[in-house]
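Results of the structural survey
Below are the chains, spelled out letter by letter.
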Amino acid sequence: MSTIYGYAGKVLKVDLTNQTYRIEELRREVCKRFLGGIGFTTKLVLDELKPLIDPLSPDNILAISPGCFVGFNIPTAVKCEASSKSPLTYRFGTSSSGYFWSYSLKRAGYDMLVIYGKSPKPVYLLINDNSIEIKDASHLVGKDCWETVDIIKKENGKVEVACIGPAGENLVRYASIQNGYYNSWGRCGLGAVMGSKNLKAIAVSGSKEIQPYNEKALLECIHELVDRILSFPPFEKWRKYGTMIVTEVYSRIGALPAKNFQYGTIEGWERCTYQELSKYEGFKLPCITCPIACSHVINMSDGRYKAEITSATSFGAKLALLDLKSVIKCAEVCSRYGLDIITAAGTIAWAIECYERGILSKEQVGLDLKWGDEESILELIRKIAFREGFGNILAEGSARASKIIGRGSDRYAIQVKGMEIGGRDPRAKWSVWCFGYVTNIRGGDDLRARPPIETFKGIQPLDEYFKEVLNVREERIKSLDMLDDIKKRVFSENGKYMDIVEMTIWSENLITVFNCTGLCIRPPVLGTVGPHLISKIYRALTGIDVPPSNIMEVGERVWNMQKIFNVTEGERRDDYRFPSRFYEEPIKGGPYSGRKLDKEAVDKLLTKYFKLRGWDIRTGKPKLEKLSSLGIDYLYERM
Ligand code: SF4
């Protein structure tokens, strides 16, 4: 039994080079300052990973940690963070996934698993409570992720399987780690890190009880959390349609990334919206302990996958595959090969646009490329996964591929800091969400800075960059679980606007805290839960008192550590920029049609952001005073 309530109390460190492992005790002081999940993985990476290594060399480390609330019946506390140096961005690479895997790792008795080195031959790791085996995986080489899951389950009974497919084995820079059939650690290419280590899979089962500090208080917290989630106004819609609920809104505000972000709307989009779901058979796939159950797997005659906004905007809009059936098929194929959907679609969109503009030829690509052509798109996905022919270039991601091809093709690589951006065009309604694309530690991503409150009502004035039009009732703002002084700084008195920079920083820190605890960031949770309830749950679970302001300080500490990692790897202020398309080409379609971003205005926001973060406004380096206030000044020398 752990000596720290609420924690399993152990860190499992596996050295694949020597085929050995060791188990270390978790330290209470580390728990208080980093909580768990991304807090633990960030500390581990900063403490142990040497700067400037090749992310696909044995020197890289993969750290995986379930959030500290995982392992109990805490609603939506299911997420597990995996962190490493990203082979795609060469920055801090990190990704979160839920379902049942993280719960199993914690119940097996581990708060973190760290993988070092490189196995001389393909292996998989089997963790079953105290039994840890490094097993031969030669029979799994070349198998896709679904086959791998099936084979490992058949060999070992009831285990949860995280694995890579051909894309990870072939070191595609945006290979994912799949979590069962339908979930993944998708972004940042962590599947390639596993591939570089000859590690095909990690299978886990766990049966240990973990003792909370105060069961009665924890139960009260769980009731409060359930009440809050259920009170979220569109809860039922989220339950019914999951993330597909925003498919229609994105089109209404003209923010779709249609044909590689050339258009904000696209004819035929109605065949990819949530209303289409009712036409198909399917089933719900909730993560363990989740009352929302946002995931809907739908069965098609030739495909079966979750219907989500990510795949709808990636394949449906970016590639103009205007049919939910085709979207689901592509998503399934990506998950079988083990590819990040957003980067795969973004890179293919770059290729199609270059082809259309005559930058790429049929001889180069080996295929005739067209928007909305399922056959050639599926063939490109396959070529990428196996690095076959032109797929070998596309396997590098659009930023690197455009450097290889040249001829001005970088203009069509829609990425920030080397990572393809998601499914919402910032030239439509300017918002915290959009600004978060450039401030994101991971690069062009929308999962690390999304506000707990957002509306699509009202038109954002075209020249307004500092404030986001909100128009919500004051009660909604009053009920938000935030620190009072921050709330005053973020919202205008009448609730009509929020300050974009202040809210970006708040939401980045808050989401980091969520990723420390393992809570899901879907709106019914992110919109109702904040540091006060998190502090209460943490105390009930561990007996450790971390007041709400200190909870937020954990988020800020971890964000700053990741920033230090990026600065050490060469990141500078100039890297905080949108693709040139957004500054130079007006968006077409929707109420913001004709709008492009004002570079000077975005720069002013960035200056405010750097100042508020306590970072040097010229270089972007965190200042020593800031690091001292967070108790991490020892890392200043690293930069
Ligand atoms: S809301 Fe969806 S992603 Fe989040 S925990 Fe529930 S089922 Fe999983």
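Look up: the structure comes first, before these words.
Anyway, here's the lowdown on the structure attached to this text. (Residues numbered from 1 in each chain as written. Predicted model: local features only at pLDDT ≥ 70, side-chain atom pairs only at ≥ 80, totals over all residues.)

Focus: the environment of K259
Cut-off, in case you're wondering: Numbering of helices and strands starts at the N terminus; helices are DSSP runs of H or I of at least 4 residues and strands are runs of E of at least 2. Working definition of burial: number of other C-beta atoms within 10 Å of the residue's own, with buried at 20 or more, exposed at 12 or fewer, and partly exposed in between, all C-beta atoms being placed from the backbone.
Mapped onto the elements, K259 comes out in helix α10 (residues 258–261). For K259, a count of 19 C-beta atoms within 10 Å translates into the label partly exposed. Taking C-alpha positions, K259 is 47 Å from E133, a pair spaced 126 residues apart along the chain.

Section: the pairing of strand β2 (residues 20–25)
As a reminder of what qualifies: Two strands make a pair as long as DSSP finds a minimum of two bridges between them.
Counting buried residues along β2, only zero of its six residues qualify, which leaves the element largely exposed. Looking at chain direction, strand β1 (residues 10–15) and β2 are connected through six bridges and run antiparallel. Looking across to β2, one finds that V14 is bridged to Y21. Between β1 and the antiparallel strand that follows it, β2, lie four residues; Q19 among them carries a positive phi value of about 55°.

Focus on the site of the ligand
Our working rule: The rule is simple: place the C-beta atom from the backbone, and if it lies within 6 Å of a molecule or strand, the residue is near it. Three categories are distinguished: nonpolar for Ala, Val, Leu, Ile, Met, Phe, Trp, Tyr, Cys and Pro, charged for Asp, Glu, Lys and Arg, and polar for the others, with Gly belonging to the last. Domain extents, as shown, originate in an automatic or database domain assignment.
Surrounding the ligand, one finds T76, V78, G98, P286, C287, C290, I292, A293, C294, S295, C520 and R522. For the shell around the ligand, the residue count by class is eight nonpolar, three polar and one charged. For the shell around the ligand, the two domains that each supply at least three residues are domain 1 (10–205) and domain 2 (243–420).

Overview of the packing of helix α13 (residues 341–356) against helix α15 (residues 374–385)
Which entries qualify depends on this criterion: Under this scheme, a helix contributes an axis fitted over its contacting stretch, all axes are lines through C-alpha atoms, and angles between N-to-C directions fall in the 0 to 180 degree range. Rotating anticlockwise by less than a right angle from the far helix to the near helix defines a left-handed crossing, while the corresponding clockwise rotation defines a right-handed one. Any two residues are considered in contact once their C-beta atoms, placed from the backbone, lie within 7 Å.
Running from N to C, α13 and α15 point in directions that differ by 115°, and their axes come no closer than 11 Å. As for the relative orientation of α13 and α15, their crossing is right-handed in sense. Along the contact surface, α13 presents A344, I348 and A351, while α15 presents I377, L380, I381 and I384.

So, the sheet that holds β2
As summarised here, the arrangement of the six strands in space is β2-β1-β6-β3-β4-β5, forming an open sheet in which the pairing is mixed. Bordering the open sheet on either side are β2 and β5 (92–97), each of which pairs with just one other strand. Neighbouring strand axes in the sheet, compared pairwise and without regard to direction, differ in orientation by 15° on average. In this sheet, strand β4 (residues 80–85) lies alongside strand β3 (residues 62–66) in antiparallel orientation, the contact comprising four bridges. Looking at β4, one finds that A63 is bridged to S83.

Quick look at unusual backbone geometry
The phi dihedral of L171 falls on the positive side, at around 60°, and the residue is not glycine. Within the secondary structure, L171 sits in the loop between α5 (166–169) and β10 (177–179).

Such coordinate-based values are descriptive only and should not be taken to indicate function.
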